[in-house]
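Geometric and topological summary
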Amino acid sequence: MSTRLEPGTAAPDFTLQDQDGTTRSLSDYRGQNVILYFYPKASTPGCTKEACDFRDNLASFSSLGYTVLGVSPDKLPALKKFTQNEELTFPLLSDADHAVAEAYGAWGEKKNYGKVYEGLIRSTFVIDEQGTIKIAQYNVRATGHVAKLRRDMGIDPK
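Residues numbered from 1 in each chain as written. Predicted model: local features only at pLDDT ≥ 70, side-chain atom pairs only at ≥ 80, totals over all residues. Heavy atoms only, no water.

1. Brief notes about the overall build of the protein
Looking only at helices and strands, the protein features 4 helices and 9 strands. Whereas a compact globule of 158 residues would reach a radius of gyration of roughly 15 Å, the protein reaches 15 Å, a difference of no more than 12%. Along the three orthogonal principal directions, the C-alpha set of the protein runs to about 40 × 35 × 30 Å. By the burial criterion, 47% of the 158 residues in the protein qualify as buried. Excluding contacts between residues fewer than 6 apart, the proportion of contacts in the protein whose partners are at least 24 apart in sequence is 62%. (Helix = DSSP H or I, 4+ residues; strand = E, 2+ residues; numbered from the N terminus. Rg over C-alpha atoms; globule rule 2.2 N^0.38 Å. Buried < 20%, exposed > 50% of the residue type's maximum accessible area, 1.4 Å probe, protein only. Contact = heavy atoms within 4.5 Å.)

Dropping the structure here:
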């Protein structure tokens, strides 16, 4: 099981391809605030709800200086289809070998109907302009997560 990250630690840098095959690195966003969220599988009900919530709040996040990046173990064709079907307007990154998820502590033991297996743990990180983690949330729920994140970030009243 990978180690969970805490606020105040440096966000691990990474380089991944987005849904269009463009290479993106966390270091490309230095000087910007980043919301980096990990989700298990494109085009599934929970992941679609979460992605659409981020899409619907994107203008608000952008106006406050935040860039949203989604990461999943999906391959590029699945990310491209997901982006098109849901009209997502932010990058979705392919972490097919789950190395980035492991670096962020977002890959580990999960349980489903009594079965234990390794998989992606739905997680979100808010990273500041210097690349420091400000918020680290693990085992988040897809539904209502963006609203809770906005409250935790101090954007919306509690």
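That was the structure; now back to the text.
2. Topic: the UniProt feature "active site" (unreviewed entry) in the protein
When the UniProt feature table is mapped onto this chain numbering, "active site" (unreviewed entry) sits at C47. Summarising the element assignment, C47 is placed in helix 1 (residues 45-63). Excluding its chain neighbours within four sequence positions, the residues that come into contact with C47 are Y39, P40, K41, F82 and R122. (UniProt positions renumbered as here; feature names shortened; annotations may be inferred.)

3. A word on the side chain of D18
Relative to the helices and strands, D18 is located in strand 1 (residues 15-18). We classify D18 as buried; its relative accessible area is 1%. Not counting residues within four places of it along the chain, the set of residues in contact with D18 comprises R24, L76, P91, L92 and L93.

4. Quick word on the pairing of strand 1
In the sheet, strand 1 pairs with strand 2 (residues 23-25) via 3 bridges, with the strands oriented antiparallel. Of the residues in strand 2, the one forming a bridge with T15 is S25. Once strand 1 ends, the chain turns through 4 residues before running back antiparallel as strand 2, passing G21 with a positive phi of about 85°. Direction of pairing for strand 1 relative to strand 5 (residues 92-94): antiparallel, over a ladder of 2 bridges. If you follow Q17 over to strand 5, its bridge partner there is S94. (Pairing = 2+ DSSP bridges.)

5. Quick notes on the sheet that holds strand 3 (residues 33-38)
Spatial strand order, 2-1-5-4-3-8-9: 7 strands in an open sheet with mixed pairing. Strands at the two margins of the open sheet, each flanked by one partner only, are strand 2 and strand 9 (133-138). Within this sheet the neighbouring strands show an average axis-to-axis angle of 30°, counted without direction. Of the pairings in the sheet, the one linking strand 4 (residues 66-72) to strand 5 comprises 3 bridges and is parallel in character. Opposite G70, over in strand 5, you have L92 as the bridge partner. Against the sheet, helix 4 (residues 145-152) contacts strand 3, strand 8 (123-127) and strand 9, and its axis sits at roughly 145° relative to strand 9. (Axes fitted to C-alpha atoms, helices over the stretch in contact; angles between N-to-C directions.)

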